[in-house]
Every structure is written in C-alpha cells, then in structure tokens.
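Coordinates in review
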Amino acid sequence: MGILSLLAFLLSCMIQEVGAEMKLSPEELTVLRGEEAQFTCSTSNIQWAVMTWQLNQIPILTIHNETGVLPVANPDVSAKESPDSPGDWVFSLKNTERQHQGEVTCNLQDIDRRTASLSVQEKGNVKVFGDNKLVLKGESALFECQAAGWYPEPSLHWRVDDKPVSQGEYNISSEESGKDLFTVTSFHSVMAAKSSHVVCLASVSALTRPLNSSVRLTVVAEVVQDGDDCTVLLAVTALLAALLLLLLLCIAAVLCYRQRRQASSANQGVGEARLLRQQGGSSTQDTLVRAQQMQFTMSCS
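A brief look at the structure comes next. (Residues numbered from 1 in each chain as written. Predicted model: local features only at pLDDT ≥ 70, side-chain atom pairs only at ≥ 80, totals over all residues. Heavy atoms only, no water.)

Examining the sheet that holds strand β2 (residues 28-32)
The mixed open sheet is built from six strands, whose spatial order is β2-β10-β9-β4-β5-β6. Both edges of this open sheet fall to β2 and β6 (68-69), since each of them pairs with a single strand only. One ladder, built from two bridges, connects strand β5 (residues 58-64) with β6; its direction is antiparallel. In the sheet register, His 64 faces β6, and the bridge partner there is Gly 68. (Pairing = 2+ DSSP bridges. Helix = DSSP H or I, 4+ residues; strand = E, 2+ residues; numbered from the N terminus.)

Quick look at the structure:
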C-alpha cells in the first residue's frame, strides 16, 4: 500500500506541474466561414513527448517533441512552432466550415489538456428593395430591407443620413431555412422632411464592418415654411422665367429668319421680271431698225 500511495502522489505532482505550465489561447475564437482559425498551445515543461490536437474530441494532428509534426491527411490542418516563443505550438485550421465549430483541445501526452471554443459564422447579403424614392414633403416613405443567408441570426438596423434609427421605429421578423441559415426582414417608414440617404446594415460578431445597402430619398415641394424654402422658391421661379425668355427669343429668331427669306424671294422675282422686260424691249427695237433699212434699200433701187 505504501508503494501505491507513493506512486499516486508522484503522479498527482506530475499532473499539477504539467497542468500549471499549460495554456491554450484564445479561449474563445469566432471566424467567418472560409477563414483561418489559429490557436496557440504553450508549455514551459520540456519533458513532454507527444502533443495531440483534437477537434470535437477527434484527433486531427499529432506533434512529437523531437521530430515535430507528424504527417496529416487533411491539407487544411497544420501546426508550427512559434519563432518568438520556443515550446509554443500554433495550430491552424484553414477553410473553416460550420461543422468545425465546437471544442478545440490541446492534449499533452494524456497528462493534462486545455480546451478552447471555436465558432464559425456565415456572412450573407443585405439589400434595400426598390429604387430611389421621390416623395412630397410631409408624406411618409416605406422602405423594406432583407438580410438573407446568415448564421447565426444577424443584427439589423437602419441609419438615415448617418444617424442611427431607434429600434422602436422599425419592425424586424426572422425565419430559418433548411440549411440553418437565417433571413431577417425589416420595414422602416420615414417621414419626408428633407432629402436624405436611407441605409440598412446587417452584421454578425465576426464581421469587422457591417454590410450595408442604401437608397436615396428625395423630398420635393420644400418651399412653404421657412426662409430657406422661400429662397428655393425664388430660385425655381427665376429659372423658369429664364427658360421662358429663352424660348421666346428662339421663336422670334425663327420668325425673323422666315420673313427675311420671304423678302429675299420677292426681291429676286421682281429682278427677274425687270430683266425679261428689258430683253423684250431690245428685240422690238432691232425689228424696227431692220424694217427701216429695208425701206431705204428699196427707195434707192
């Protein structure tokens, strides 16, 4: 019994020693589907022989203290010793999928282990339906936004001219598809006070910046309440007057051109008539001269 108790005591001391020198970081990691996940298992105890990495309790990579990483069948799984901290091993899982999320375990020769959590999220798309809207001042414009193909359920919110909209001003509904993907739909009614950009944003925690979609809200007839509106009214009136004056000038120019052409045609006709009369008078004189010459010739005979 004494020998067994001593062995148990020595084993307990070894476990405590190794366990106190192990660390797995980060303890929680969230990535987007397709991105790379990395964990670092560190120990200052150089006496270990084998380090095994497990994903959801399934061994996927083994490291020998002397020979390094043993060959693996999965090309997306790898490990390397940290150049900055000898004894620390960095485990990498590329092209993460939803089935990879769960527990990542660093097992040090079955004496102690550390476990971290891996979450894999999916980025979908977001769209505000419809084109830019043109509404009268004081009326309301209804906008619909849909964020489809997300996991987990995304957070969705609105902004108008870079100002966040209170959640009480729009509604949100969510549904889950057969592939465990979420679609979130929201309707937001905007009172047309001034022209602005309406933006819908969707995000999950792994995204550094939300995805967004926007449309333009243009408000017309902003001309009845304040000084700025009066200025706009005067500017519009002046523009219309200028356009009308330009149209009248064009009409006057066309009429003047037509009158000049008619006058030119009339003058040309008068000149042609005079020329014909002159030619006719010359022919009559020639005939009289010839007759006189003939009478003179006969009298001389």
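Remarks on the environment of Leu 29
Note that Leu 29 resides in strand β2. A C-alpha to C-alpha distance of 8.6 Å links Leu 29 and Phe 39, two positions 10 residues apart in sequence. Beyond its immediate sequence surroundings of up to four residues, Leu 29 is in contact with Ala 37, Gln 38, Phe 39, Ser 117, Leu 118 and Ser 119. (Contact = heavy atoms within 4.5 Å.)

Observations regarding a nonpolar patch on the surface
A cluster of nonpolar side chains, namely Leu 244, Leu 247, Leu 248, Ile 251 and Leu 255, defines an oily patch on the protein surface of about 480 Å² accessible area. Looking at where Leu 255 falls in the secondary structure, it is placed in helix α2 (residues 227-300). (Patch = residues over 30% accessible without salt bridge, like charges linked within 9 Å, V, L, I, M, F, W, Y side chains within 5 Å. Areas by Shrake-Rupley, 256 points an atom, 1.4 Å probe, with all protein chains shown as cover. Salt bridge = Lys/Arg side-chain N within 4 Å of Asp/Glu carboxyl O.)

Observations concerning the packing of aromatic side chains
Per the stated rule, a full pass over the model turns up two aromatic pairs. Between the aromatic rings of Trp 53 and Phe 91, the centroid separation amounts to 4.8 Å while the plane-to-plane angle is 15°, which identifies the pairing as stacked. Taken together, the positions of Trp 53 in strand β4 (residues 50-55) and Phe 91 in strand β8 (residues 89-93) put the pair 38 residues apart, joining distant regions of the chain. The residues Trp 53 and Phe 91 share a single accessibility class, namely buried. Above the plane of the ring of Tyr 151 lies Arg 98, whose end atom (NZ or CZ) is 3.5 Å from the centre. (Phe/Tyr/Trp six-rings, centres within 6.5 Å; stacked < 30°, edge-to-face > 60°. Buried < 20%, exposed > 50% of the residue type's maximum accessible area, 1.4 Å probe, protein only. Lys NZ or Arg CZ within 6 Å of the ring centre and 35° of its normal.)

Some remarks on the pattern of salt bridges
Throughout the structure, instances matching the rule amount to three salt bridges. A salt bridge links Arg 33 to Glu 97; the nearest nitrogen and oxygen atoms lie 2.9 Å apart. One end of the pair, Arg 33, is in the loop between β2 and β3 (37-43); the other, Glu 97, is in the loop between β8 and β9 (102-108), and 64 residues separate them in sequence. For Arg 33, a relative accessible area of 45% puts it in the partly exposed group. Here Glu 122 ties to Arg 98 by a salt bridge, and the two come within 3.2 Å at their closest N and O atoms. Remark: Arg 98 occurs in the loop between β8 and β9 and Glu 122 occurs in the loop between β10 (112-121) and β11 (125-128); sequence separation between them is 24 residues. Judged by its relative accessible area of 14%, Glu 122 is buried. Residue classification places Arg 98 among the buried residues on the basis of a relative accessible area of 17%.

Re the sheet that holds strand β16 (residues 170-176)
Spatial strand order, β11-β13-β17-β16: four strands in an open sheet with antiparallel pairing. Where the open sheet ends on each side, the last strands, each with one partner, are β11 and β16. Strand-to-strand, the axes of this sheet are offset by a mean angle of 15°, without reference to chain direction. Note: β16 against strand β17 (residues 182-191), seven bridges, orientation antiparallel. (Axes fitted to C-alpha atoms, helices over the stretch in contact; angles between N-to-C directions.)

Section: the nonpolar core
Membership of the largest hydrophobic core comes to 26 residues, with the highest contact counts inside it found for Val 128, Phe 143, Cys 145, Leu 156, Trp 158, Cys 200 and Leu 217. At five residues, the largest contribution of residues to this core is made by strand β13 (residues 140-150). Dropping the residues within four chain positions of it, Leu 156 is found in contact with Cys 145, Ala 147, Tyr 170, Ile 172, Val 184, Ser 186, Cys 200, Leu 201 and Ala 202. Ranked by size, the runner-up nonpolar core spans 24 residues in total, among them Met 22, Cys 41, Met 51 and Ala 79. (Core = buried A, V, L, I, M, F, W, Y, C linked by side-chain atoms within 4.5 Å.)

A few points about the side chain of Asp 88
The topology assignment puts Asp 88 in the loop between β7 (77-81) and β8. One polar contact links Asp 88 to Ser 85, side chain to side chain, over a distance of 2.7 Å. What Asp 88 contacts, discounting residues up to four positions off in sequence, is Thr 40, Cys 41, Ser 42, Thr 43, Lys 80, Glu 81 and Ser 82. (Polar contact = N/O pair within 3.5 Å; in protein donor to acceptor, adjacent residues only side chain to side chain.)

Quick look at the pairing of strand β14 (residues 155-160)
Covered by surrounding structure in β14 are Leu 156, Trp 158 and Val 160 only, the residues Ser 155, His 157 and Arg 159 on the alternate face being uncovered. Sheet analysis places β14 next to strand β18 (residues 196-203), joined by six bridges and oriented antiparallel. Following the sheet pairing, Val 160 is matched in β18 by Val 198. Joining the antiparallel neighbours β14 and strand β15 (residues 163-164) is a turn of two residues, in which Asp 161 adopts a positive phi near 55°.

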